[in-house]
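# Structural description and commentary
So you can see what is in the structure, the chains are spelled out below.
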Amino acid sequence: MRERQVRLRQRAEGPLRFRIVRVLVVGSGAREHAILLSLAQDPGVTALACAPGNAGTASVAEQRGLDVVDPTAVAALALDWRADLVVIGPEVPLVAGVADAVRAAGVACFGPSREAARIEGSKAFAKDVMAGAGVPTASCEIVDNPAHLDVALDRFVAPYVVKDDGLAAGKGVVVTGDRDLARAHAMTLLDGGHPVLLESFLDGPEASLFCLVDGETVVPLLPAQDFKRVGDDDSGPNTGGMGAYAPLPWASPDLADELVAAVVGPVAREMVARGTPFQGLLYAGLALTSAGPSVIEFNCRFGDPETQVVLPLLRTPLAGLLHATATGTLAGAAPLDWAPGAAVTVVVAADGYPGTPGLGDPITGADADGVLHAGTRRRDDGAVVSAGGRVLSVVGTGADLAAARADAYRRLAAVRLAGSHHRTDIALRAVNGEIGVPSAG
Ligand code: AMP
Ligand code: GLY
């Protein structure tokens, strides 16, 4: 009855004005905390839940325990909690088919099907889609037999790019000028039974573009840049992401539209043509090379930590947009409304990350404004303690990037976690005007 009323209201008022009412967000990172804070601002939302969540999401949403990779369990929770919309944050449940199960249970779900999520779950699949769509990307070769590795490496030149052909939480990639290191990483992957992807190196600054995609309809959000290496000046190993900023002061104001025309639109159409339309957030990770944009990777969900800087700048109510995407009505959405200014986030990581992190250490200052939670939990005595590698994502905003950066580091200075580390140079080169797209020739 209630669902019918909602449907009737939707028809009467149009897709973006009806009340979404109850939204369940699946995941437990700072990305999900940022999504919840945006949803909480949407007047169409009356109840929020997060599963399994963390100590920070508990302050904005009801918490439910959940095995997020169990499609049956997620669908059951959506029904039990009477969700009108389920938003799936991480890639692992999407690749496991959780969105299909939620939709099969009759609940609107923001997130692609298992088939469409292969654009992130299998780099080989993503390359095939890009080839079909005529979208530029690094040339590549897949090696699944150690006996073929050396001859394959001979077909590339330094710097070598060696990837795991599967989900690796951003840590399966090694980019190195050292052939022995490249070979050793490939052998480790092969020994673990993982096929290896060798790629040509793409030069130029990187950009992350999030697009709401509903079949062939593509609506870009603001371009952002993230920082994957653990240390200042891009030193050390790759991580899940150590910071981000948006928008990109060094890029053309038309960048998002150009990337939709050259990259995301053709890929969305190719997915439809293959019978696996994408519905959710398609994230293009690009290198802006002298020869034009080239795709580094696609992800099938909001990026972390870029979400923490893109969503604070979005004024359009988020739940309406996600619901429209989930229900095939995105084409009717009004143009997005963005706040002026910029946002910067700096990730606070636990001792040892991206290796095995120290856990259970008390954090002070974690409840302050602008402090988003990732790997945290609240102890029975009320203390917030670390519970993962990336612990917090501190967000600053300001009239321009320099002000947003100063705001983020000012907020971070009030946070204490023994042994933690963070980068001190997030957005610094952009503020200093040191980033530019290389010119052709
Ligand atoms: P991925 O997991 O594919 O996003 O790769 C992680 C990071 O490795 C990217 O953000 C880039 O910094 C780097 N990377 C990946 N592929 C390439 C490539 N073909 N050329 C240059 N850098 C790359
Ligand atoms: N920021 C990288 C990712 O979300 O995969």
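It should be noted that the structure appears before, not after, this text.
The following paragraphs examine the structure supplied in this document. All values derive from a computational prediction rather than experimental measurement. (Residues numbered from 1 in each chain as written. Chains lettered and ligands numbered in written order. Predicted model: local features only at pLDDT ≥ 70, side-chain atom pairs only at ≥ 80, totals over all residues. Heavy atoms only, no water.)

In the neighbourhood of ligand 1, 15 residues make up the surrounding shell, with Lys163, Glu199, Leu202, Glu206 and Glu297 lying closest. Contacts to ligand 1 include glutamate 206, whose side-chain N or O atom sits 2.5 Å from an oxygen atom. Between ligand 1 and lysine 228, the relevant distance is 2.9 Å, taken from an oxygen atom to a side-chain nitrogen or oxygen of the residue. Calculation on ligand 1 without its partners gives an accessible area of 470 Å², and the protein chains cover 93% of this total. When residues of the shell around ligand 1 are traced back to their parent elements, those giving at least two are strand E7 (160-164) and strand E17 (292-299). (Near = heavy atom within 4 Å. Polar contact = N/O pair within 3.5 Å; in protein donor to acceptor, adjacent residues only side chain to side chain. Areas by Shrake-Rupley, 256 points an atom, 1.4 Å probe, with all protein chains shown as cover. Helix = DSSP H or I, 4+ residues; strand = E, 2+ residues; numbered from the N terminus.)

We now examine the sheet that holds strand E6 (residues 140-143). Across the sheet, four strands lie side by side as E6-E9-E7-E8; this open sheet has antiparallel pairing. A single partner strand is all that each edge strand has here, and the edge strands are E6 and strand E8 (174-176). Averaged over neighbouring strand pairs, the angle between their axes works out to 20° when direction is ignored. Where E6 lies against strand E9 (residues 196-199), four bridges are found, and the strand directions are antiparallel. (Pairing = 2+ DSSP bridges. Axes fitted to C-alpha atoms, helices over the stretch in contact; angles between N-to-C directions.)

Every residue near ligand 2 is listed here: Asp226, Lys228, Tyr283, Asn299, Arg301, Gly303, Asp304, Pro305 and Glu306. Within the side chain of arginine 301, an N or O atom sits 2.7 Å from an oxygen atom of ligand 2. Between ligand 2 and the protein, one listed contact pairs a nitrogen atom with a side-chain N or O atom of glutamate 306 at 2.7 Å. Against a free-state accessible area of 200 Å², the protein chains account for coverage of 91% of ligand 2.

This next bit is on helix H6 (residues 114-121). When H6 is considered as a whole, its buried residues turn out to be Ala116, Ala117, Ile119, Glu120 and Gly121. Looking at the buried residues of H6, the elements they touch are helix H4 (91-95), helix H7 (123-133), helix H10 (255-273), strand E16 (279-289) and E17. (Buried < 20%, exposed > 50% of the residue type's maximum accessible area, 1.4 Å probe, protein only. Contact = heavy atoms within 4.5 Å.)

Its place among the elements puts arginine 118 in helix H6. In sequence terms arginine 118 and alanine 96 are 22 residues apart; their C-alpha atoms lie 9.9 Å from each other. When near neighbours in sequence (up to four residues on either side) are disregarded, arginine 118 contacts Phe125 and Ala126.

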